[in-house]
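# Results of the structural survey
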Amino acid sequence: MTPAGIGLDRSISLAAQRLGIEDPIVIAQELLDVDVDGLDQWFSEAARIAVRLFQGADRLAEVDPLLAAGWSNPAPRLAVTDQRDAATASRQVVGVQVDAADQTGSVLRQTRTLVDGELIDAQAALIGAGWPPGQDLFSWAVDSGRLEPIVTIVTGLTGRLTELRIRNERSLADLAMALRADPRDRVEALAVGGAAALGSAATGAMGVGPAGPRPPGAASAGSASAGSGHLNGVDQTNLDRLAIDLQSTDLATQLMARGVQAALHKAAASGDVAQLLVYESATSASQGRAAIGIGEISAADNIAVLAPGIGNAPVTMADGIVTAVALRDAAHQRSPGDKTTVVAWYGYDMPLGVINGIPENPISTIESLTSVFDDAKAQEGGQRLATDLEQFRQWAPDTARFIAAGFSMGSTTVSAAAARGAKLDDLILMASPGASDLVETVADYPVVPGEHVFVTSFDEDPITLSVSDVTATVLGNLIRPLPSLPDFSPLGPDPAGNDFGGQLVDVLSSGPDVSVDLGVGPFGSLADAMTNELLDLQGNHQESNYYSGQSLDATAAVVTGQYADIPIKPGR
Amino acid sequence: MAVDLAVDTDLLRQAADVLDEASALFHGRASPEVAVFPLTDASLGNSAVAREVVAAAGRRVAQAIESTVLLATLITDDAGKLRSAAAAFATAETAVPVQPR
């Protein structure tokens, strides 16, 4: 790194460590490791695209006089003019992004040079202060009475490198802002709203009379959407199954089908495409499985798959549609150009849900209750989610980002899916009672790095606190056959913990502070106590609370990849 | 409502040719496939904003390419429609006898 080699760097690092300041060598290494060449290379590609857009738009301008002289109907000219304007708008977006990348690249490159210079200057200053290279810097400074100038040099180096890091961050923030614009916006609007103008003119001209531009918002065969035809086979098969189940004489099957149908209607009423991506009938042994996507999955830029917590089932999944729509709207507000599909995934047997699609009976309630106390359902669900995600990926564009978000036991489930290698760009664990026994830290996720594991746990939410694990262990052991020793983390580690290694999102609960008594009462009331704990935490442990306010906005920032806007705090 | 149409089919065909040229420019001479994305999650640093830039850079360039491909498709379609219209006008001209005014 420096002319003096490893010895100098190590000496400075050790001195910084003993002085209790941030290690300047670590900062320097991070700044030197920035791949400016990669950034330049990538945006030179973007610059070539901008040239293509410019040249194409320029050539389109030559069409105008030909059409003006060749056809008295103005519609074809207007259509071509719209296309030229869209190309110009797209080029402007790309051009701004290329310029911003150039600017950032210059700053990053200059920073590397400055870092080198700072390290050389620091070395010269240390030698000038009398330090003989090769000796332990801090010990020598203490022994020789030269601690003050050495402290000044090392802290000064850290300070200047920190300033350079801040400068880099500011420049990257400018580039991030420029990159929030979508170059497709005008072109796609054209394809949806105006592409057929020329076609209308061409067909209208044949004796039908003058043809005008089609009404705004009219459908077009030339739609930019990848089209629902790609997905129709799967979606239609699920819809056919649903139609059959609606006529079923089996109560569980029919009730679930009705619930899914109601959810589909609710999703369709949200103003977007509703697709039944997963459908498996409820039986006497299962509450069934269903997933509804809001937004065309085959055209999506971001796909967020939401797993609910206990107390849910496909028969009641219309409730989950409200959450999905809220997130879809928040994502759209953050990034209007991006197409975000939100999938309400009711794909695992959720404890304390409607049992097997029919009203609970005492036996099934006890069975379901015991399953709250370990992560078996979540692990099983995680495997199913990983499989479903693979299927969703086949329907989605190659460039689509995938995010799995789970609430409460749903967080345990999505964590289990990530632990089983689900290909995710981001993982969001909300109100998590534990990340499942499959992981100890984020390092156990084979695909998702810790920087992309976001944890939202309100401090007022008792389910996210370790006492819930202890209570679950004690109560679980009493209700079912006792294991030899209690497991004090039956649902896995607290992902909000500092040791876990995730990104703890710094947001406040919108709910009132609720006082919860977790005391263990007489045996006969244990089940009630636990059920009440889980069902009556109306204040903070509610899906609607996590999908509202600051928490919803932060979740939308993750879904749209706007990481710089996500407030992070140290783990618990 | 009857409307007089003034049409020059040769000019329409010329316009279609220019549209084809524009489409080729949008599409690019070579394959629209972009080079392999050279950046990884921490390529530009470990901060959230650095990761956001990496993720967005990959998507935006791909989306810019989508724009060019979509424009090329639309304009090629336009050219086809113009040629069809020109052919239809030419057929109509030969089928309808010119009326003295």
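What counts, and at which threshold
Residues numbered from 1 in each chain as written. Chains lettered and ligands numbered in written order. Predicted model: local features only at pLDDT ≥ 70, side-chain atom pairs only at ≥ 80, totals over all residues. Heavy atoms only, no water. Domains from an automatic or database assignment. Buried area = accessible area lost by both parts, 1.4 Å probe. Salt bridge = Lys/Arg side-chain N within 4 Å of Asp/Glu carboxyl O. Polar contact = N/O pair within 3.5 Å; in protein donor to acceptor, adjacent residues only side chain to side chain. Nonpolar A, V, L, I, M, F, W, Y, C, P; charged D, E, K, R; others polar. 1 Å grid on protein atoms, 1.4 Å probe; cavity = no way out; pocket = protein on both sides within 12 Å on 5 of 7 lines; lining within 4 Å. Points joined across faces, edges and corners; volume = space filled by probe spheres on them. Helix = DSSP H or I, 4+ residues; strand = E, 2+ residues; numbered from the N terminus. Core = buried A, V, L, I, M, F, W, Y, C linked by side-chain atoms within 4.5 Å. Buried < 20%, exposed > 50% of the residue type's maximum accessible area, 1.4 Å probe, protein only. Contact = heavy atoms within 4.5 Å. Phe/Tyr/Trp six-rings, centres within 6.5 Å; stacked < 30°, edge-to-face > 60°. pLDDT = per-residue confidence, 0-100. Pairing = 2+ DSSP bridges.

## Considerations on the domain arrangement of chain A
Residues and elements named next belong to chain A. Taken domain by domain, chain A holds domain 1 (3-206) and domain 2 (294-569). Carbon and sulfur atoms make up 24% of the surface buried where domain 1 meets domain 2, a total of about 460 Å² over both sides. Summed over the three residues of domain 1 that lose the most area to domain 2, namely Arg180, Asp182 and Arg184, the buried surface amounts to 78% of that side. Applying the counting criterion to the domain 1 and domain 2 interface returns three salt bridges. The partner of Asp301 in a salt bridge is Arg184, with the nearest N and O atoms 2.7 Å apart. In this assembly, domain 1 and domain 2 are joined by three residue pairs in polar contact (both at pLDDT 80 or more). Residue classes in the side of domain 1 that touches domain 2 are distributed as no nonpolar, no polar and five charged.

## Topic: empty space enclosed by the protein
Residue and element names in this part refer to chain A. Summed over the entire model, instances satisfying the criterion amount to five cavities of 30 Å³ or more. Considering only enclosed or pocket space, the second largest cavity measures out at about 70 Å³ in volume. Secondary structure elements with two or more residues in the lining of the second largest cavity: strand 3 (302-307), helix 12 (318-334) and strand 4 (340-346). In terms of residue count, helix 12 provides more of the lining of the second largest cavity than any other element does, three residues in total.

## Some points on the nonpolar core
A:Phe392, A:Leu427 and A:Tyr445 are the most contacted members of the largest nonpolar core, which has 90 residues in total. Sorting elements by how many residues they give to this core places helix 12 of chain A first, with seven residues. If sequence neighbours within four positions are ignored, A:Leu427 has contacts with A:Ala404, A:Val414, A:Ser415, A:Ala418, A:Tyr445, A:Val448, A:His452, A:Val453 and A:Phe454. Counting 60 residues, the second largest nonpolar core, distinct from the first, contains A:Ala178, B:Ala22, B:Val53 and B:Leu71.

## Observations concerning the side chain of A:Thr560
Topologically, A:Thr560 is positioned in the loop between helix 19 (549-559) and strand 9 (568-569). Engagement of the side chain of A:Thr560 in a polar contact is seen with the backbone oxygen of A:Ala557, the distance being 3.3 Å. Every residue in contact with A:Thr560, bar those within four places of it in the chain, is listed here: A:Asn302, A:Ala331, A:Arg334, A:Ser335, A:Thr340, A:Arg401 and B:Arg59.

## So, the side chain of A:Ser551
All names here are of chain A. Take Ser551: it is sitting in helix 19. On the basis of relative accessibility, which here comes to 1%, the residue Ser551 falls in the buried class. With sequence-adjacent residues up to four places away left out, Ser551 is seen in contact with Thr456, Phe458, Val507, Asn545 and Tyr546.

## A few points about the interface of chain B and chain A
The interface is formed by 60 residues belonging to chain B together with 74 residues belonging to chain A. The tally of links from chain B across to chain A stands at six salt bridges. The closest approach of N and O atoms between B:Arg59 and A:Asp338, which form a salt bridge, is 2.7 Å. The interface formed by chain B and chain A includes 22 residue pairs in polar contact (both at pLDDT 80 or more).

## Remarks on the packing of aromatic side chains
Residues and elements named next belong to chain A. Enumeration over the complete set of coordinates arrives at eight aromatic pairs over all chains. Taking 6.2 Å as the distance between ring centres and 75 degrees as the angle between the ring planes, the aromatic pair formed by Tyr445 and Phe500 counts as edge-to-face. With Tyr445 in the loop between strand 6 (426-430) and strand 7 (453-456) and Phe500 in the loop between helix 16 (466-479) and strand 8 (503-505), the pair connects residues that are 55 residues apart, well separated along the chain. Judged by its relative accessible area of 4%, Tyr445 is buried. Seen in terms of ring centroids, Phe454 and Tyr563 are 6.1 Å apart; in terms of plane orientation they differ by 10 degrees. Their pairing is stacked. Of this pair, Phe454 sits in strand 7 while Tyr563 sits in the loop between helix 19 and strand 9, placing them 109 residues apart in sequence. Given a relative accessible area of 2%, Phe454 falls into the buried group. A connected cluster of aromatic rings, assembled from ring pairs, spans Phe407, Phe458 and Tyr546.

## Describing the pattern of salt bridges
In total, this model carries 36 salt bridges over all chains according to the counting rule given. The partner of A:Arg180 in a salt bridge is A:Asp565, with the nearest N and O atoms 2.9 Å apart. One end of the pair, A:Arg180, is in the loop between helix 7 (147-178) and helix 8 (185-193); the other, A:Asp565, is in the loop between helix 19 and strand 9, and 385 residues separate them in sequence. Taking relative accessible area as the criterion, A:Asp565 reaches 31% and is therefore assigned partly exposed. Between B:Asp20 and B:Arg83 there is a salt bridge, and its shortest N-O distance comes to 2.7 Å. In this pair, B:Asp20 is assigned in helix 1 (residues 9-27) and B:Arg83 in helix 2 (residues 48-95), connecting sequence segments 63 residues apart. Judged by its relative accessible area of 31%, B:Arg83 falls in the partly exposed class.

## Some words on helix 19 of chain A
Residue and element names in this part refer to chain A. The buried fraction of helix 19 is high, at eight of 11 residues. Buried within helix 19 are the following residues: Ser551, Leu552, Ala554, Thr555, Ala556, Ala557, Val558 and Val559. Backbone geometry just after helix 19 places Gly561 at a positive phi near 75 degrees.

## Describing the confidence of the model for chain B
Per-residue pLDDT for chain B averages 86, and the proportion of residues at 70 or more is 83%. Both scores are available for the predicted complex, with the pTM at 0.80 and the ipTM at 0.89.

## What to know about the pairing of strand 4 of chain A
Residue and element names in this part refer to chain A. Within strand 4, seven of the seven residues are buried, leaving the element largely enclosed by the surrounding structure. The side-chain alternation of strand 4 yields two buried faces, one formed by Thr340, Val342, Ala344 and Tyr346 and the other by Thr341, Val343 and Trp345. By the bridge criterion, five bridges tie strand 2 (residues 289-294) to strand 4 in an arrangement that is antiparallel. Bridging across to strand 4, Ala291 finds its partner in Trp345.

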